[in-house]
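What follows is the residue order along each chain.
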Amino acid sequence: MRKIIAVLGYGTKSPQSTFTYPADTINAGYASSIIKAGALPMLIPSTLDEETIRSTVERIDAILIPGGGDICPSLYGEEEREYTLSPNKDNDLFQMKAIEQALRLGKPILGICRGLQVLNVFFGGTLYQDIGKERQKSLRHSHLDIPEGYAHSISITEGSFLYEAVKEKKMEVNSLHHQGIKTLGAGLAATAESPDGLVEAIENRENRIMAVQWHPEALVMKGDGKALGIFKFFISLLE
(Lines give C-alpha, C1' and ligand atoms only; values in the text may rest on other atoms or scores of the structure.)
Protein backbone atom coordinates (compact mmCIF):
# COMPACT_ATOMS: atom_id res chain seq x y z
CA MET A 1 0.00 0.00 0.00
CA ARG A 2 1.34 3.43 -0.92
CA LYS A 3 2.40 5.78 1.85
CA ILE A 4 0.44 9.02 2.26
CA ILE A 5 2.31 12.31 2.44
CA ALA A 6 0.21 15.22 3.67
CA VAL A 7 1.01 18.60 2.13
CA LEU A 8 0.21 21.41 4.57
CA GLY A 9 -2.22 23.99 3.21
CA TYR A 10 -1.57 27.69 3.06
CA GLY A 11 -5.06 29.16 3.40
CA THR A 12 -4.72 32.08 0.98
CA LYS A 13 -7.08 33.70 -1.48
CA SER A 14 -6.23 32.55 -5.01
CA PRO A 15 -5.91 35.49 -7.42
CA GLN A 16 -7.71 33.36 -10.04
CA SER A 17 -10.67 32.64 -7.74
CA THR A 18 -13.98 34.48 -7.99
CA PHE A 19 -14.74 33.59 -4.36
CA THR A 20 -13.92 35.91 -1.47
CA TYR A 21 -12.75 33.26 1.00
CA PRO A 22 -9.28 31.63 1.17
CA ALA A 23 -8.52 28.49 -0.81
CA ASP A 24 -6.20 25.63 0.14
CA THR A 25 -4.65 23.76 -2.78
CA ILE A 26 -1.78 21.38 -3.52
CA ASN A 27 0.68 22.78 -6.04
CA ALA A 28 0.79 20.41 -9.03
CA GLY A 29 4.56 20.06 -8.65
CA TYR A 30 4.29 18.66 -5.13
CA ALA A 31 1.48 16.27 -6.05
CA SER A 32 3.23 15.06 -9.20
CA SER A 33 6.59 14.60 -7.43
CA ILE A 34 5.03 12.62 -4.59
CA ILE A 35 3.19 10.36 -7.04
CA LYS A 36 6.26 9.86 -9.26
CA ALA A 37 8.28 8.95 -6.16
CA GLY A 38 5.77 6.25 -5.25
CA ALA A 39 3.52 7.77 -2.58
CA LEU A 40 0.15 9.52 -2.50
CA PRO A 41 -0.39 13.23 -1.76
CA MET A 42 -3.06 14.54 0.58
CA LEU A 43 -3.93 18.09 1.62
CA ILE A 44 -4.28 19.21 5.23
CA PRO A 45 -6.20 22.51 5.03
CA SER A 46 -4.89 25.37 7.14
CA THR A 47 -6.62 25.39 10.53
CA LEU A 48 -5.87 26.27 14.13
CA ASP A 49 -8.12 23.50 15.47
CA GLU A 50 -5.65 21.31 17.35
CA GLU A 51 -7.88 18.24 17.41
CA THR A 52 -8.27 18.39 13.63
CA ILE A 53 -4.51 18.69 13.17
CA ARG A 54 -3.77 15.88 15.66
CA SER A 55 -6.29 13.42 14.24
CA THR A 56 -5.26 14.14 10.65
CA VAL A 57 -1.54 13.70 11.29
CA GLU A 58 -2.29 10.43 13.07
CA ARG A 59 -3.80 9.07 9.84
CA ILE A 60 -0.97 9.91 7.43
CA ASP A 61 2.64 8.71 7.10
CA ALA A 62 4.58 11.99 6.75
CA ILE A 63 4.11 15.70 6.21
CA LEU A 64 5.49 18.05 3.58
CA ILE A 65 5.77 21.76 4.41
CA PRO A 66 5.61 23.56 1.07
CA GLY A 67 6.87 26.89 -0.21
CA GLY A 68 4.88 30.07 0.22
CA GLY A 69 5.00 33.55 1.71
CA ASP A 70 7.09 35.11 4.43
CA ILE A 71 6.97 33.94 8.05
CA CYS A 72 5.77 36.39 10.70
CA PRO A 73 8.98 37.89 12.21
CA SER A 74 7.48 38.00 15.72
CA LEU A 75 7.80 34.21 15.77
CA TYR A 76 11.59 34.57 15.74
CA GLY A 77 11.77 37.66 17.93
CA GLU A 78 12.00 40.44 15.36
CA GLU A 79 9.92 43.42 14.28
CA GLU A 80 8.42 43.23 10.81
CA ARG A 81 10.44 45.27 8.30
CA GLU A 82 9.10 47.00 5.21
CA TYR A 83 10.50 44.30 2.91
CA THR A 84 8.77 41.39 4.65
CA LEU A 85 5.93 40.39 2.34
CA SER A 86 2.41 39.76 3.70
CA PRO A 87 3.10 37.30 6.54
CA ASN A 88 0.20 35.06 7.60
CA LYS A 89 0.69 34.31 11.30
CA ASP A 90 -2.31 31.99 11.55
CA ASN A 91 -0.87 29.79 8.84
CA ASP A 92 2.56 29.88 10.48
CA LEU A 93 0.99 28.65 13.71
CA PHE A 94 -0.97 25.95 11.87
CA GLN A 95 2.18 24.60 10.26
CA MET A 96 4.06 24.68 13.56
CA LYS A 97 1.24 22.79 15.28
CA ALA A 98 1.45 20.18 12.51
CA ILE A 99 5.22 19.90 13.05
CA GLU A 100 4.61 19.44 16.77
CA GLN A 101 2.15 16.61 16.13
CA ALA A 102 4.43 14.96 13.57
CA LEU A 103 7.30 14.98 16.08
CA ARG A 104 5.04 13.61 18.81
CA LEU A 105 3.88 10.78 16.56
CA GLY A 106 7.28 10.07 15.01
CA LYS A 107 6.22 11.05 11.46
CA PRO A 108 8.97 12.18 9.05
CA ILE A 109 8.94 15.78 7.80
CA LEU A 110 10.06 17.22 4.45
CA GLY A 111 10.41 21.00 4.15
CA ILE A 112 10.69 22.87 0.86
CA CYS A 113 11.79 26.53 0.63
CA ARG A 114 9.47 28.25 3.13
CA GLY A 115 9.13 24.80 4.73
CA LEU A 116 12.84 24.86 5.60
CA GLN A 117 12.39 28.30 7.13
CA VAL A 118 9.33 27.24 9.17
CA LEU A 119 11.26 24.28 10.56
CA ASN A 120 14.21 26.51 11.45
CA VAL A 121 11.96 28.96 13.30
CA PHE A 122 10.10 26.11 15.03
CA PHE A 123 13.43 24.91 16.46
CA GLY A 124 14.37 28.40 17.66
CA GLY A 125 16.34 29.71 14.69
CA THR A 126 16.08 33.09 12.99
CA LEU A 127 15.78 34.33 9.41
CA TYR A 128 17.04 37.11 7.19
CA GLN A 129 13.87 39.04 6.36
CA ASP A 130 15.51 39.85 3.03
CA ILE A 131 18.82 38.27 2.08
CA GLY A 132 19.91 41.04 -0.28
CA LYS A 133 19.21 43.81 2.23
CA GLU A 134 20.49 42.14 5.40
CA ARG A 135 23.40 40.00 4.24
CA GLN A 136 26.58 41.37 2.71
CA LYS A 137 28.01 40.00 -0.54
CA SER A 138 25.09 37.68 -1.15
CA LEU A 139 24.05 36.05 -4.39
CA ARG A 140 20.70 36.91 -5.90
CA HIS A 141 18.47 34.15 -4.52
CA SER A 142 15.08 35.27 -5.84
CA HIS A 143 14.71 34.06 -9.43
CA LEU A 144 10.92 34.02 -9.72
CA ASP A 145 11.26 34.61 -13.47
CA ILE A 146 12.84 31.17 -13.97
CA PRO A 147 11.14 28.75 -11.54
CA GLU A 148 12.42 25.70 -13.42
CA GLY A 149 15.82 27.20 -14.28
CA TYR A 150 19.09 26.56 -12.46
CA ALA A 151 20.25 29.61 -10.49
CA HIS A 152 23.41 28.46 -8.71
CA SER A 153 25.24 25.43 -7.39
CA ILE A 154 25.24 24.07 -3.84
CA SER A 155 27.85 22.11 -1.88
CA ILE A 156 26.45 19.09 0.00
CA THR A 157 27.80 17.52 3.19
CA GLU A 158 28.89 13.95 2.52
CA GLY A 159 26.88 11.41 4.53
CA SER A 160 23.87 13.70 4.99
CA PHE A 161 20.29 12.79 4.02
CA LEU A 162 20.61 15.05 0.97
CA TYR A 163 23.87 13.40 -0.06
CA GLU A 164 22.23 9.97 0.25
CA ALA A 165 19.35 11.22 -1.89
CA VAL A 166 21.34 12.69 -4.78
CA LYS A 167 24.69 10.85 -4.42
CA GLU A 168 26.62 14.03 -5.21
CA LYS A 169 28.65 16.61 -3.28
CA LYS A 170 27.59 19.37 -5.68
CA MET A 171 24.45 20.02 -7.71
CA GLU A 172 22.65 22.82 -9.52
CA VAL A 173 19.41 24.16 -8.04
CA ASN A 174 16.71 26.70 -8.79
CA SER A 175 16.15 29.54 -6.32
CA LEU A 176 12.84 31.32 -5.61
CA HIS A 177 13.29 32.84 -2.14
CA HIS A 178 14.26 36.23 -0.71
CA GLN A 179 14.49 35.04 2.92
CA GLY A 180 16.83 32.46 4.42
CA ILE A 181 18.40 31.08 7.58
CA LYS A 182 20.32 33.57 9.71
CA THR A 183 20.90 31.45 12.83
CA LEU A 184 20.30 27.70 12.83
CA GLY A 185 17.65 26.18 15.09
CA ALA A 186 18.62 23.87 17.95
CA GLY A 187 19.04 20.23 16.98
CA LEU A 188 19.29 20.98 13.25
CA ALA A 189 22.35 20.33 11.10
CA ALA A 190 23.14 22.43 8.03
CA THR A 191 23.92 19.99 5.22
CA ALA A 192 24.31 22.18 2.12
CA GLU A 193 25.26 25.74 1.28
CA SER A 194 25.32 28.04 -1.72
CA PRO A 195 28.59 29.61 -2.97
CA ASP A 196 27.93 32.68 -0.76
CA GLY A 197 27.61 30.49 2.36
CA LEU A 198 23.82 30.63 2.80
CA VAL A 199 22.32 27.46 4.30
CA GLU A 200 20.55 25.49 1.54
CA ALA A 201 19.58 22.29 3.39
CA ILE A 202 19.03 21.14 6.96
CA GLU A 203 18.23 17.88 8.71
CA ASN A 204 17.54 16.21 12.03
CA ARG A 205 18.32 12.54 11.60
CA GLU A 206 16.80 11.41 14.89
CA ASN A 207 13.39 12.77 13.93
CA ARG A 208 13.71 12.00 10.20
CA ILE A 209 13.52 15.65 9.19
CA MET A 210 15.03 16.94 5.97
CA ALA A 211 14.49 20.27 4.24
CA VAL A 212 15.87 22.16 1.24
CA GLN A 213 15.80 25.86 0.40
CA TRP A 214 15.11 25.44 -3.33
CA HIS A 215 12.12 23.93 -5.17
CA PRO A 216 12.89 20.36 -6.30
CA GLU A 217 9.24 19.81 -7.25
CA ALA A 218 9.62 22.42 -10.03
CA LEU A 219 12.76 20.66 -11.26
CA VAL A 220 10.99 17.28 -11.20
CA MET A 221 8.49 18.77 -13.65
CA LYS A 222 11.35 19.33 -16.13
CA GLY A 223 12.74 15.81 -15.67
CA ASP A 224 15.54 16.39 -13.15
CA GLY A 225 16.39 12.96 -11.72
CA LYS A 226 18.30 14.30 -8.72
CA ALA A 227 15.31 16.40 -7.71
CA LEU A 228 13.06 13.35 -7.92
CA GLY A 229 15.66 11.46 -5.89
CA ILE A 230 14.97 13.80 -2.95
CA PHE A 231 11.33 12.72 -2.88
CA LYS A 232 12.23 9.05 -3.35
CA PHE A 233 14.74 9.17 -0.51
CA PHE A 234 12.28 10.91 1.78
CA ILE A 235 9.70 8.20 1.09
CA SER A 236 12.33 5.58 1.95
CA LEU A 237 12.51 7.16 5.45
CA LEU A 238 8.89 6.13 5.98
CA GLU A 239 9.74 2.42 5.99
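Everything that follows concerns the structure shown earlier in this document.
Residues numbered from 1 in each chain as written. Predicted model: local features only at pLDDT ≥ 70, side-chain atom pairs only at ≥ 80, totals over all residues. Heavy atoms only, no water.

## Quick look at the packing of helix α3 (residues 89-105) against helix α4 (residues 114-122)
Helix-helix packing is described using two parameters, namely the angle between the two axes and the distance between the axes.
Inference 1: At their nearest, the axes of α3 and α4 sit 10 Å apart, and the two run at 70° to each other. Comparing their axes, α4 and α3 come out roughly perpendicular. Residues Asn 91, Asp 92, Gln 95, Met 96, Ile 99, Glu 100 and Leu 103 of α3 form the contact with α4, whose participating residues are Arg 114, Val 118, Leu 119, Val 121 and Phe 122.
Inference 2: Residue classes in the contact of α3 with α4 are distributed as 7 nonpolar, 2 polar and 3 charged. (Axes fitted to C-alpha atoms, helices over the stretch in contact; angles between N-to-C directions. Helix = DSSP H or I, 4+ residues; strand = E, 2+ residues; numbered from the N terminus. Parallel < 35°, antiparallel > 145°, perpendicular 65-115°, else oblique. Contact = heavy atoms within 4.5 Å. Nonpolar A, V, L, I, M, F, W, Y, C, P; charged D, E, K, R; others polar.)

## Digging into the nonpolar core
Inference 1: The biggest cluster of nonpolar side chains holds 35 residues, and the ones touching the most others in it are Ile 5, Leu 64, Leu 162 and Trp 214.
Inference 2: Broken down by element, this core gets its largest block of residues, 7 residues, from helix α8 (residues 225-236).
Inference 3: If near-sequence neighbours (up to four positions away) are discounted, Leu 64 is found in contact with Ile 5, Ala 6, Val 7, Leu 8, Tyr 30, Ile 34, Leu 110, Ile 112 and Phe 231. (Core = buried A, V, L, I, M, F, W, Y, C linked by side-chain atoms within 4.5 Å. Buried < 20%, exposed > 50% of the residue type's maximum accessible area, 1.4 Å probe, protein only.)

## Quick notes on the pattern of salt bridges
Inference 1: Going through the model one piece at a time under the given rule, you end up with 12 salt bridges.
Inference 2: With a shortest N-O distance of 2.8 Å, Glu 50 and Lys 97 are connected by a salt bridge. With Glu 50 in helix α2 (residues 50-59) and Lys 97 in helix α3, the pair connects residues that are 47 residues apart, well separated along the chain.
Inference 3: Between Glu 51 and Arg 54 there is a salt bridge; the shortest N-O distance is 2.4 Å. Pair noted here: Glu 51 and Arg 54 are both in helix α2, with a separation of 3 residues, about one helical turn.
Inference 4: One salt-bridge network, in which partners are shared between bridges, spans Glu 51, Arg 54, Glu 58 and Arg 104. (Salt bridge = Lys/Arg side-chain N within 4 Å of Asp/Glu carboxyl O.)

## Quick notes on the environment of Lys 170
Inference 1: Checked against the element boundaries, Lys 170 lands in strand β7 (residues 170-173).
Inference 2: Relative accessible area serves as the criterion here: at 53%, Lys 170 is assigned to the exposed category.
Inference 3: With 24 residues separating them along the chain, Lys 170 and Ser 194 place their C-alpha atoms 9.8 Å apart.
Inference 4: Sequence-distant contacts of Lys 170, defined by excluding residues within four places in its chain, comprise Ile 154, Ser 155 and Lys 226.
Inference 5: Polar contacts involving the side chain of Lys 170 include one to the side chain of Ser 155, which spans 2.8 Å. (Polar contact = N/O pair within 3.5 Å; in protein donor to acceptor, adjacent residues only side chain to side chain.)

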